[in-house]
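# Structural description and commentary
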Amino acid sequence: MARGLVGFMVLLLFLSICEAASFYQPISDSHRSAALELFSPGHGSFKSLEETYEALRTFDILGIEKKPNVTTTACHLISNAVGSPSSSTTKDLFYALKANSIAKCKINDKAFQGILTRLNAAVNDANLLLDFYYSVGGLVLIKSSNADVHLTNADKIFHSVKAFSQSDGRWRYSSNNPESSALAAGIALETLAGVVSLASSELDQSLVSTLNNDISKLFDSIEKYDDGALYFDDKLVDGHDHQGPLATTSSVVRGLNAFAALPGNKILGLANFFLGIGVPGDAKDLFNQIDSLACLESNRQGFPLPFLMVSIPLILSLPSTVISLTKKDSLQVKVNTVLGSNAPPLTVKLVGAFTSGSKDASLVESQELVFDAGTGLHNLNNLPKSIDVGSYTFVFEILLHEPEHEKVYVTGGQKKVPIFVSGLIKIENAEIVILDSDLGSIETQKKLDLAGQSVVSLSANHLQKLRVSFKLTTPCGLAFKPHQNFLGLVEKFFYLSGRYDIELTVGDVVMENSLLRAIGHIELDLPEPPEKAPRPPPQPVDPYSRYVPKAEITHIFRAPEKRPQKELSLAFMGLTFLPLLGFLFGLSRLGVNLKNFPTNTMPATFAILFHLGIGAVLLLYVFFWLKLDLFETLKLVGLLGVFLVFVGHRILSYLAATSAKLKSA
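These notes cover the structure that comes with them. As the structure is a prediction and not an experimental result, all values here were calculated from the model. (Residues numbered from 1 in each chain as written. Predicted model: local features only at pLDDT ≥ 70, side-chain atom pairs only at ≥ 80, totals over all residues. Heavy atoms only, no water.)

Before going further, it helps to spend a moment on helix α11 (residues 264-276). Taking 1.5 Å of rise per residue, 13 residues should cover 18 Å, and α11 covers 19 Å from first to last C-alpha, within 8% of that figure. Counting buried positions along α11 gives 10 out of 13 residues, so the element sits mostly inside the fold. Buried within α11 are the following residues: G264, I267, L268, G269, L270, A271, N272, F273, F274 and L275. Buried-residue contacts for α11 involve β5 (230-231), α10 (245-258), α12 (283-298), β6 (312-317) and β14 (409-410). Count one or two residues on from α11 and you reach G278, which has phi positive near 80°. (Helix = DSSP H or I, 4+ residues; strand = E, 2+ residues; numbered from the N terminus. Expected span 1.5 Å × (residues − 1). Buried < 20%, exposed > 50% of the residue type's maximum accessible area, 1.4 Å probe, protein only. Contact = heavy atoms within 4.5 Å.)

Dropping the structure here:
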């Protein structure tokens with residue numbers, strides 16, 4: 001019986017990359033599909049005004065045309081909040097105004113005046129960071145609608161918010177809470193930017209300049225992944241308010257963007273963090289990702305701090321990192337902003353190509369990719385001849401055409417991207433050989449047809465060696481050397497002699513014609529196992545085998561007892577009829593007749609039915625003897641008994657009445 005053991009395997013796994021070479025894709029249609037799914041109003045309405053704003057903001061950034069029911073739902077919630085500002089919280093008013101800045105719902109001037117009064121009172125009475133954030137943010141939104149809104153006590157409010165700052169760049173939510181966070185820092189910076197914009201007169205620049213140290217300290221706590229992505233995270237002691245790195249980083253980016261204070265040397269690392277998340281599966285996470293990337297791309301001119309400048313990150317991506325030599329694929333590169341917008345005029349250069357895991361010199365010379373305005377792709381139609389099948393690290397560089405664009409956009413210098421060049425590997429000179437262990441002489445040699453279906457049959461013992469050899473050639477004619485791993489040890493077979501199937505596996509990430517072929521079988525004659533030799537592991541049991549049909553159970557009954565001869569049995573049966581004959585003879589001697597049988601229709605019918613019922617009972621006895629069991633017989637006897645009682649009572653009553661009339665006559 002053939003054992004299902006793979007005798008020989010050739011594993012070609014060239015996946016190790018010496019350096020981290022990650023690249024990210026900008027926002028795509030996958031994010032738009034996720035937004036439509038995650039921001040669907042449940043039961044016809046969003047849960048809150050905050051969720052309503054996040055849905056509208058996400059749709060607006062991604063260019064998704066808002067469905068009528070989404071806008072209608074939003075306007076309904078907004079109208080309820082602004083219709084009675086005295087009873088609405090500052091948080092609801094804040095998000096109602098933010099949502100309305102996108103939905104453009106109709107709000108009358110009286111409602112705006114009521115909101116303005118409510119927010120002015122709230123900002124003067126605020127004691128918590130979030131109270132300042134909602135009230136100041138709401139006033140900024142009202143001012144953006146061309147309303148005349150100012151803070152006469154802006155210096156006082158600025159100092160009140162600044163009092164929540166800490167020496168490490170983090171901020172507190174209240175003066176009574178000793179814990180600080182980077183998330184609160186982002187909220188505070190966004191609030192202070194609003195205070196500056198609402199000031200009735202120019203603020204003392206020394207107040208604004210004090211934020212330089214806060215932002216510098218905040219960036220001292222920034223964390224970094226191996227691929228260069230930068231992010232902020234809070235490590236709270238009790239962890240009850242830990243929002244995670246996405247929410248924290250998003251808050252900081254919004255705060256810095258409000259001050260136009262996103263540093264160019266950090267902005268690309270932050271963009272890589274948000275893009276590296278992929279497509280979030282949570283509505284809040286998706287909003288934070290999209291809104292933060294929009295901040296990074298906005299190039300917003302607000303109140304820039306002296307040591308910071310605004311830069312828009314450019315993302316280099318590849319439609320595919322696998323290039324087929326067989327199909328003569330071209331190398332394609334695309335450069336966009338984080339939201340997928342077109343990049344300014346630029347040139348993409350391939351400055352180097354290195355074999356993965358190698359520290360040798362570059363395999364290519366620097367060359368420019370050709371830009372196709374129709375597709376927006378930078379192409380290298382013909383790969384250098386030095387590039388064969390294998391895994392590589394390509395190094396690209398982005399060069400902006402206009403010098404002034406270098407002050408607006410950030411490219412991040414040279415970009416390393418893992419590239420796999422695949423092709424058809426030629427397999428030839430395949431053979432399998434049985435060798436003598438001592439002399440090394442060939443005892444059996446057979447050719448292998450790996451392209452066909454032919455198989456070989458071999459036999460060997462533990463004193464012989466088995467060798468499989470073949471030649472692999474790349475499309476460029478170079479030798480392709482696989483790592484060989486032969487499972488030929490006797491111990492691996494647990495000294496079990498018999499027939500073994502032989503399979504050959506040749507595969508690699510860059511090999512387009514990988515194969516798994518059964519090349520034959522071999523009869524092994526192995527010695528008896530030593531006493532301490534390992535035993536074969538138990539064979540795996542199919543869990544569904546318990547549900548297969550079971551084997552038929554064959555019962556062995558007791559041998560039947562000896563019976564009398566057939567003639568004797570028939571003679572005994574004949575004797576059983578003698579009482580019946582005697583009964584009939586007795587009736588004839590007694591002069592039994594049918595003279596008293598009723599002649600009237602109804603009595604005659606009951607008399608016939610009575611006699612038929614008696615006959616049915618006698619016939620039932622016959623069936624009981626031949627076929628029926630006791631329970632079936634008793635059931636039928638019960639039915640017939642009721643019938644006989646009824647008809648018997650009627651006929652006997654008739655006979656009794658007739659007899660009484662005769663006697664009286």
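All right, on to the sheet that holds strand β7 (residues 322-324) then. Within a sheet, each strand pairs with its neighbour through backbone hydrogen bonds, oriented either parallel or antiparallel. Spatially, the 5 strands line up as an open sheet ordered β7-β15-β13-β9-β10, and their pairing is mixed. Two strands lie at the open edges of the sheet, namely β7 and β10 (367-368), each paired on one side alone. Relative to β10, strand β9 (residues 346-355) runs antiparallel, the two sharing 2 bridges. When the sheet's bridge partners are listed, L350 is paired in β10 with Q367. (Pairing = 2+ DSSP bridges.)

What follows covers a nonpolar patch on the surface. Among the surface-exposed residues, L570, F572, M573, L575, F577, L578, L580, L581, F583 and L584 lie close enough to one another that they form a single nonpolar patch of about 1100 Å² accessible area. Taken together, the elements giving at least two residues each to the nonpolar patch come down to α13 (566-575) and α14 (578-590). For the nonpolar patch, the element with the most residues is α14, which contributes 5 residues. Looking at the secondary structure, you find L578 in helix α14. (Patch = residues over 30% accessible without salt bridge, like charges linked within 9 Å, V, L, I, M, F, W, Y side chains within 5 Å. Areas by Shrake-Rupley, 256 points an atom, 1.4 Å probe, with all protein chains shown as cover. Salt bridge = Lys/Arg side-chain N within 4 Å of Asp/Glu carboxyl O.)

Right, let's get into the nonpolar core. The biggest cluster of nonpolar side chains holds 104 residues, and the ones touching the most others in it are I78 and W171. Sorting elements by how many residues they give to this core places helix α8 (residues 182-198) first, with 12 residues. Ignoring anything within four residues of it in the chain, the contact list for I78 reads L49, A96, A99, N100, A103, C105 and I107. (Core = buried A, V, L, I, M, F, W, Y, C linked by side-chain atoms within 4.5 Å.)

Counted by the stated rule, this structure contains 11 salt bridges. Measuring nitrogen to oxygen at the nearest pair gives 2.8 Å for the salt bridge that ties E50 to K284. Residue E50 is located in helix α2 (residues 49-62), and its partner K284 is located in helix α12; the two are separated by 234 residues in the primary sequence. Owing to a relative accessible area of 19%, E50 belongs among the buried residues under this scheme. Owing to a relative accessible area of 34%, K284 belongs among the partly exposed residues under this scheme. We note a salt bridge from R170 to D234, for which the minimum N-O separation is 3.5 Å.

Right, let's talk about the packing of α2 against helix α4 (residues 90-103) for a bit. Orientation of α2 relative to α4, taken along the N-to-C sense of each, is 25°, at an axis distance of 8 Å. By the angle between their directions, the pair α2 and α4 is classed as roughly parallel. The two elements α2 and α4 meet at a crossing, and its hand is left-handed. Taken together, the residues of α4 that come into contact with α2 (itself represented by L49, E50, T52, Y53, L56, R57 and D60) are K91, D92, Y95, A96, K98, A99, I102 and A103. Among the residues forming the contact of α2 with α4, the class breakdown is 8 nonpolar, 1 polar and 6 charged. (Axes fitted to C-alpha atoms, helices over the stretch in contact; angles between N-to-C directions. Parallel < 35°, antiparallel > 145°, perpendicular 65-115°, else oblique. Left-handed = near helix turned anticlockwise from the far one by under 90°. Nonpolar A, V, L, I, M, F, W, Y, C, P; charged D, E, K, R; others polar.)

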